[in-house]
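Structure at a glance
Residue strings, one per chain:
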Amino acid sequence: MSADSASSGDALVRIRGLRTRLGAKVIFDGVDLDIPRGRVTAIMGPSGTGKTTLLRHITGQLAPDAGEIVVDGRNLRQLDRQGLFDLRERIGYLFQNSALLTDFSVFENVAFPLRQHARLPEELIRNIVLPKLQAVGLRGAADLMPAELSGGMARRVALARAIVRDPMLLIYDEPFVGLDPIALNQVLKLIRVLNETLGLTSIVVAHELSAIRRVADDIHLIAAGKIAAHGSPDELVRGETDWTRQFFGGEADGPVPFHYPARDYAADLGFAKGAA
Amino acid sequence: MNDKPARNSMIGDGLAQVGAMGLFLLQVLAAIPRSLRHFAQTVRQIFFVGAMSLVIIMTCGLFIGLVLGLQLYEVLSRFGSTASVGTVVAIALYRELGPVVTALLFAGRAGTSITAEIGLMRATDQLAAMEMMAVDPLAYVVAPRFLAGIIAMPLLASIFNALAIFGSHLVAVTWLGLDNGTFWSNMTGAVDVWTDVMNGVWKSAVFGAVVTLVATYQGYSTAPTSEGVAYATTRTVVYSSILTLAIDFLMTAFLM
Amino acid sequence: MTQRRSHQIGTGLFIVLGFAALGYLATQTTSLANYRQGPTYALKARFTNVGQLKLRAPVKIAGVRIGSVSDIQLEPDRLEALVTLAIDKRFNQLPDDSAAAVFTSGLLGDQYVALKPGGSPDLFKDGDEIILTQSSMQLEELIGKYLVGSGDSPAKKPEQAPSPNPEPETR
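Reference entry: report on the structure contained in this document.

Rules and cut-offs
Residues numbered from 1 in each chain as written. Chains lettered and ligands numbered in written order. Predicted model: local features only at pLDDT ≥ 70, side-chain atom pairs only at ≥ 80, totals over all residues. Contact = placed C-beta atoms within 7 Å. Helix = DSSP H or I, 4+ residues; strand = E, 2+ residues; numbered from the N terminus. Nonpolar A, V, L, I, M, F, W, Y, C, P; charged D, E, K, R; others polar. Pairing = 2+ DSSP bridges. Axes fitted to C-alpha atoms, helices over the stretch in contact; angles between N-to-C directions. Parallel < 35°, antiparallel > 145°, perpendicular 65-115°, else oblique. Left-handed = near helix turned anticlockwise from the far one by under 90°. Core = buried A, V, L, I, M, F, W, Y, C linked by C-beta atoms within 7 Å. Buried ≥ 20, exposed ≤ 12 C-beta atoms within 10 Å, placed from the backbone. Expected span 1.5 Å × (residues − 1). Bend = angle between axes of the 7 residues up to and from the residue.

A separate point is the interface of chain B and chain C. Each partner contributes residues to the interface: chain B has 31 residues there, and chain C has 28 residues. Mapped onto the side of chain B that touches chain C, the elements with two or more residues apiece are α2 (39-50), α6 (137-175), α7 (180-190) and α8 (193-220) of chain B. In terms of residue count, α6(B) provides more of the side of chain B that touches chain C than any other element does, 7 residues in total. Looking at the side of chain B that touches chain C residue by residue, the classes come out as 19 nonpolar, 9 polar and 3 charged.

Residues and elements named next belong to chain C. If you walk across this open sheet you meet the 8 strands as β7-β1-β4-β3-β2-β6-β5-β8, and the pairing is mixed. Here the strands that pair on one side only, and so sit at the sheet edges, are β7 (129-130) and β8 (132-134). The pairing of strand β1 (residues 40-47) with strand β4 (residues 80-88) spans 8 bridges and is antiparallel. Note on β4: the bridge partner recorded for L43 is L85.

Moving on, we get to the packing of helix α4 (residues 85-123) of chain B against α7(B). All names here are of chain B. Running from N to C, α4 and α7 point in directions that differ by 45 degrees, and their axes come no closer than 7 Å. Taken together, the axes of α4 and α7 are oblique relative to one another. When the axes of α4 and α7 are compared, the crossing they make is right-handed. Contact with α4, carried on its side by V85, G86, T87 and A90, involves F183, W184, N186, M187 and A190 of α7 and no other residues of that element. Here the contact of α4 with α7 is built from residues that sort into 6 nonpolar, 3 polar and no charged.

Turning our eyes to something else, we now look at the nonpolar core. One finds A:V157, A:V204 and A:L221 to be the most contacted residues of the largest nonpolar core, which totals 155 residues. In terms of residue count, the dominant contributor to this core is α6(B) (24 residues). Aside from chain neighbours lying at most four places away, what touches A:V157 is A:L100, A:V106, A:N109, A:V110, A:V136, A:L138 and A:L149. Counting residues in hydrophobic clusters, the runner-up holds 21 residues, among them C:L43, C:A45, C:L94 and C:I130.

Residues and elements named next belong to chain A. Taking strand neighbours across the sheet as the criterion, the 6 strands line up as β6-β7-β8-β3-β9-β10 in an open arrangement whose pairing is mixed. Two strands close off the open sheet at either side, each with one partner strand: β6 (91-94) and β10 (226-231). Along the sheet, successive strands turn relative to each other by an average axial angle of 15 degrees, direction set aside. Bridging between β6 and strand β7 (residues 169-173) involves 4 bridges; their strand directions are parallel. Bridge assignment links Y93 to a residue of β7, and that residue is I171.

The next point concerns the pairing of β4(C). Residues and elements named next belong to chain C. Residues of β4 alternate between two faces, with A81, V83, L85 and I87 buried on one and E80, L82, T84, A86 and D88 left unburied on the opposite face. Two strands pair when backbone bridges link them, and strand β3 (residues 64-75) and β4 are joined in this way by 8 bridges, in the antiparallel orientation. The residue of β4 that forms the bridge with L74 is A81. Between β3 and β4, which pair antiparallel in sequence order, lie 4 residues; one of them, L79, sits at a positive phi of approximately 55 degrees.

Residues and elements named next belong to chain B. The backbone of D125 shows a phi angle near 65 degrees, a positive value even though the residue is not glycine. Relative to the elements of secondary structure, D125 occurs in the loop between α4 and α5 (126-132). Positioned with a positive phi, A134 is a non-glycine residue whose angle comes to about 60 degrees.

Once that is clear, we can look at the interface of chain A and chain B. Across the contact, 14 residues belong to chain A and 10 residues belong to chain B. Listed by contribution, the elements that provide at least two residues to the side of chain A that touches chain B are α3 (81-88) and α4 (106-117) of chain A. Counting residues per element, the side of chain A that touches chain B draws most heavily on α4(A), at 4 residues. The residue inventory of the side of chain A that touches chain B, partitioned by class, reads 7 nonpolar, 5 polar and 2 charged.

This next bit is on the pairing of strand β2 (residues 25-36) of chain A. Each regular strand displays side chains that alternate between the two surfaces of the sheet. Residue and element names in this part refer to chain A. Judged from the 9 bridges that link them, strand β1 (residues 11-22) and β2 form a sheet pairing that is antiparallel. Bridging across to β2, A11 finds its partner in P36. In this antiparallel pair of consecutive strands, β1 and β2, the connection spans 2 residues, and G23 shows a positive phi of 65 degrees.

This part takes up the environment of C:I130. Residue and element names in this part refer to chain C. Along the polypeptide, I130 turns up in strand β7. Considered as a pair, I130 and F47 are 83 residues apart in the sequence and their alpha carbons are 10 Å apart. The contact partners of I130, leaving out residues within four places of it in the chain, are L43, K44, A45, S98 and A100.

All names here are of chain B. With respect to the helices and strands, L243 occurs in helix α9 (residues 226-255). Note on L243: 19 C-beta atoms within 10 Å, which makes it partly exposed. Put simply, L243 and F207 are 36 residues apart on the chain and 8.7 Å apart in space, counted from C-alpha to C-alpha. In this view, L243 contacts V210 and V214; residues no more than four positions away in its chain are not counted.

All names here are of chain B. Taking 1.5 Å of rise per residue, the 39 residues of α6 would be expected to cover 57 Å, and the 53 Å separating its terminal C-alpha atoms lies within 8% of that figure. Where α6 bends most, at A143, the angle is about 35 degrees, and the proline P144 comes one to four residues later. Burial analysis of α6 places 33 of its 39 residues in the buried class, the great majority of the element. Two residues or fewer after α6 comes G177, characterised by a positive phi angle close to 80 degrees.

As structure tokens, this is what we get:
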């Protein structure tokens, strides 16, 4: 609590009163959230609570129905497309499924953001791209095509691409899904190392508690359209609320129903009571 | 009983599709100036939609020409005017068959691959990734394909026409013994550069725009699943064929 | 890089091929092909009726094209059509008693000017007039003459003339 209030004055991302509904489903119902600079903030929650939607709000890919999102002092609502693009140039985003461009080699994928935004000499591009690939351990794979990579390798290439322009904010959308333990360790180490050496701010969306505990400084737990809990990993795991107990303890019963809302089970099976 | 609402929603869906595609067209047109920065992409797409369609276009052109030569020779000989085989073949090709058949083949060959490609880029978040890298997918992905369609289609139609003329010449002159000079002099006497050849060129440029617009729109707005891409590919062929023929009628009726 | 290069070469080839095809179609299969002629000299001919003769219609001798119609005007005083023919300089050996006629290629084809060479030792020069001319045969006139002139059963003929169907039976 105290850490949170101390850092809120220096928040890189500040969200106030966020409300979103997709179709008939209410995703967010008044979310307030601060992402402090220079730290790794994890956003956790059960599947389908809109963690990815939250990231899309922060990057301006999706406008919320109500509420205010301020990134690095700029209110997204007031930015036009060009302003949004200028902002995004300083954000690295690691997609859940890597989203490498299939037409380009690994090297060209990492070089893509550089080539698109400046006309740099080829030598300089190599000098920027190869260290990033080295950092994710894939310098030797520079000439491979994305189709030749395993899922973990593709994710590391995507990570290299996300940091190639030295962003201020790095967003990881489900970075641990489908990684084997070795790759998982690598990615965890990378997140920590990048955050410390490049001095950037990281947002990690995931639901693997064991992994998150090793990288996150703060955790925000989203459930039922609100921030259900937040604090350091240790605070949350100690589990003061029903939410944290259920989520971190993995219990089926609790505030988050395991069963999708349904009719009465007996009625569904045909044991209608009192019906003709 | 369900007929009426179903039909209403079908009409509504159709209108919504047309409206969405119109808006998409405006967005693409607005993105064209920005896409000139990525002109290498346009060149690349001309290769993929144009050069890669050459084989099917040339083969079909040759066969259409052979058939036209045979049919017209047979029919025109009933009126004793086989001399006009060349003329009729050329006019039919330049004004109608060349642009239309090329557009239909193009929809099947290049349109589907554009839809599938962009649809997969949508499904694998590549378009979102571009957005996140501050690269406008409309300018980088869609507009180059649109331009490539407009540039490639008239060239494809011309190649198609040339092969078809060759085919009909082969049948009428080489096989059926029509006089070579008669074939050409009748053609050159009756075919006009502007009203016949260039009209076909404008038409096919418009068809190129129509087919690539439908294809890119369907890919761009596809549901990001494998079924979504499959349906979008089918819709590309259906919609672009219908639109091509409808616009062909309108252009013929009002512009010629 | 090499892949990009091969794409560029392929694209270049495709564009060259496309424009070559378009250029070929536009210049060799259209009336533009008829402009492609060397130096010509002019001959004039008067016809009482030129029918559907059009500008740039071919001028032929023995079925071979030697030039084209370059001008068609009505002479106000004689009320006859004055047709100017542009004849290829290569064919400058035409006897000056050659005859000109407006013919139709095939039954429904385009009309052209046919020259029938005479036997005079003197040759046409630039600007000369062809004296012996034969006007266009009008299909309507021919049919009219046929109906009125051929006597015995005028009512029966129109049935037979337009439809070729009864012919196999009479054979």
